[in-house]
Amino acid sequence: MRQEITRAHKGWALDTVQLFNEMTKMNKEDVNNSPTDGVYIYGLSLDGAGWDKRGMRLIEPSPKVLFCALPVVHMFAVNEMTKEQKAQKVYECPVYKKPKRTDLTYITNIRLKTNQSPDYWTLRGAALLADIK
């Protein structure tokens, strides 16, 4: 994706292009059109954390709930992150294909807003799963 975006934008260097994401309030059924830039991702489940739909941030998981569905994620590339984007309190949440978390099932990181320190979610083992089976 980074390489395709670099080719599409004159003056962008592949070394400085970074993947970035924005959380949406949409569900899969609400998506009618593709985004102008990037892709929509759906079907991810949070493991070890919950999701606040109103506040659009990580929260403590509900008791006895193992997985929490995440809304649609808008993933796109930016040339360089702005100061505002860097200043946000976010947890770089790893995304895995399966619940067995190994380097073979690792896909990427997605930035999720949080009120706690990102280290808090790291110690809890919070991660996103593409398939919970």
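Look above for the structure.
So, here is what we can say about the structure in this document. (Residues numbered from 1 in each chain as written. Predicted model: local features only at pLDDT ≥ 70, side-chain atom pairs only at ≥ 80, totals over all residues. Heavy atoms only, no water.)

### Notes on the sheet that holds strand β2 (residues 39-41)
- Across the sheet, three strands lie side by side as β1-β7-β2; this open sheet has antiparallel pairing. Whereas interior strands pair on both sides, the edge strands pair on one side only; in this sheet they are β1 (18-23) and β2. Taking each pair of neighbouring strands and ignoring which way they run, the sheet shows an average axis angle of 35°. (Pairing = 2+ DSSP bridges. Helix = DSSP H or I, 4+ residues; strand = E, 2+ residues; numbered from the N terminus. Axes fitted to C-alpha atoms, helices over the stretch in contact; angles between N-to-C directions.)

### With respect to the pattern of salt bridges
- On inspection of all chains with the given rule, the structure shows four salt bridges.
- R101 is paired through a salt bridge with D47; the nearest N and O atoms lie 2.7 Å apart. Linking R101 in the loop between β8 (90-96) and β9 (106-113) with D47 in strand β3 (residues 45-47), this pair joins segments that are 54 residues apart in sequence.
- Where D131 meets K98, a salt bridge forms, and the shortest distance between an N and an O atom there is 2.7 Å. Of the two residues, D131 sits in the segment after β10 (127-129) while K98 sits in the loop between β8 and β9, which places them 33 residues apart along the sequence.
- Residue classification places D131 among the partly exposed residues on the basis of a relative accessible area of 23%. (Salt bridge = Lys/Arg side-chain N within 4 Å of Asp/Glu carboxyl O. Buried < 20%, exposed > 50% of the residue type's maximum accessible area, 1.4 Å probe, protein only.)

### Some remarks on the packing of aromatic side chains
- Tallied over the entire structure, the rule returns three aromatic pairs.
- Here F20 and F76 contribute two aromatic rings whose centre-to-centre distance is 5.6 Å and whose plane-to-plane angle is 65°, an arrangement assigned as edge-to-face. Placement of the pair is F20 in strand β1 and F76 in strand β7 (residues 73-78), with a sequence separation of 56 residues. Per residue, the accessibility class of F20 equals that of F76, and both read buried.
- Between Y96 and Y106 the ring centres are 5.9 Å apart and the planes differ by 70°, which places this aromatic pair in the edge-to-face class. Here the residue Y96 occupies a position in strand β8, and Y106 occupies one in strand β9, the gap between them amounting to 10 residues. (Phe/Tyr/Trp six-rings, centres within 6.5 Å; stacked < 30°, edge-to-face > 60°.)

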